[in-house]
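Here are the chains, one letter per residue:
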Amino acid sequence: MPIFFQQQINEYTRLGVWKIEENEAFFKGNVPLHRDVTHPHKRLQHLAGRFLLQYLFPDFPYHLIEIADTRKPFLPNEQYHFSISHCGDFAAAIVSNKNRVGVDVEIAKEKISTITNKYLNEKEFSEFKLLPKEYAETDFLKATLLWSAKESVFKWYGNGGVDFKEHILLSNQKEQEETIDCFFVKNESSLKIYYHFFEEFVLTWVYS
Ligand SMILES: CC(C)(COP(=O)(O)OP(=O)(O)OC[C@H]1O[C@@H](n2cnc3c(N)ncnc32)[C@H](O)[C@@H]1OP(=O)(O)O)[C@@H](O)C(=O)NCCC(=O)NCCS
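The rules we used
Residues numbered from 1 in each chain as written. Predicted model: local features only at pLDDT ≥ 70, side-chain atom pairs only at ≥ 80, totals over all residues. Helix = DSSP H or I, 4+ residues; strand = E, 2+ residues; numbered from the N terminus. Near = placed C-beta within 6 Å. Nonpolar A, V, L, I, M, F, W, Y, C, P; charged D, E, K, R; others polar. Domains from an automatic or database assignment. Core = buried A, V, L, I, M, F, W, Y, C linked by C-beta atoms within 7 Å. Buried ≥ 20, exposed ≤ 12 C-beta atoms within 10 Å, placed from the backbone. Contact = placed C-beta atoms within 7 Å.

Draft legend 1. Layout of the environment of phenylalanine 51. Position of phenylalanine 51 relative to the elements: it lies in helix α2 (residues 40–56). Residues phenylalanine 51 and glutamine 79 lie 28 residues apart in sequence; the distance between their C-alpha atoms is 17 Å.

What follows is the structure, given as structure tokens:
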């Protein structure tokens, strides 16, 4: 099955998740330029992420992609803003010809609960009713969601130098709407993070 999930977010912005079932030759036949990645599965993930860019916007100019010092890929002429993520057999991309964007896909793992204090501040622990790490095994879905949300914001910003506890402040999860509010301190932006739990992973994205 090729495209796993797709959403037209607004007039300018599209989101997609690819379930990787193809071999490398398939992607290489469709993605003219890509960087060398040693590990075969990571190479496949990288190729699938790139492949999605043109899947979402057929005129996406692969040959213009550059990589910043922060390792964020970008188009210097800003014809499109885009963000890529991969995890396991999934690759996700969000592409927009207007909005700045970030996306993250994470497979939930219990061990995330042991490092929540590295990326969540005290206010977030109480806001999201997360337990301290000694008792936190059952909280790992929420812990993964919050981690993924912050990764999406990190990618949306793209300039690095972000302290997850100090600069990305999450609040007000709305379960019905599948959103979390965010204040990004570095450039004083109020953002809405969107999320969806799939059986295999959580997907978060942000655009502004
Ligand atoms: C860069 C980073 C976001 C990548 O996340 P990851 O979970 O390892 O990998 P993902 O698959 O989700 O994303 C990888 C993609 O992100 C993109 N990317 C890489 N660096 C990026 C950056 N600085 N900004 C935006 N996007 C970036 C690339 O497209 C990359 O895929 P590609 O190389 O195949 O094109 C992550 O490694 C990172 O540095 N996070 C910040 C960690 C941190 O500061 N933590 C502090 C609190 S503990």
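Draft legend 2. Region of the structure containing the site of the ligand. Within the structure, the ligand sits among 20 residues, and His46, Arg71, Lys72, Ser85 and Phe164 are positioned closest to it. Going through the elements one at a time, α2, β5 (81–87), α3 (116–119) and α5 (140–157) are the ones with two or more residues in the shell around the ligand. When residues in the shell around the ligand are grouped by element, the largest group, four residues, is from β5. Taken together, the residues of the shell around the ligand sort by class into six nonpolar, eight polar and six charged. Here the shell around the ligand spans two domains, since at least three of its residues come from each of domain 1 (3–99) and domain 2 (106–207).

Draft legend 3. Quick peek at the nonpolar core. Formed by 51 residues in total, the largest nonpolar core has its most connected members in Ala48, Ala93, Ile94, Val153 and Ile193. Counting residues per element, this core draws most heavily on α5, which supplies nine residues. Not counting residues up to four positions away in its chain, the partners in contact with isoleucine 193 are Ala149, Ser152, Val153, Thr179, Ile180, Cys182, Thr204 and Val206.

Draft legend 4. Structural context of the domain arrangement of the protein chain. One can read the domain layout of the protein chain as domain 1 (3–99) and domain 2 (106–207). Relative to domain 2, the C-alpha centre of domain 1 lies at a distance of 23 Å. At the interface, 14 residues of domain 1 touch eleven residues of domain 2. Sorting the residues of the side of domain 1 that touches domain 2 by element identifies β2 (13–19), β5 and β6 (90–96) as the ones contributing at least two each. With four residues, the single largest contributor to the side of domain 1 that touches domain 2 is β6.

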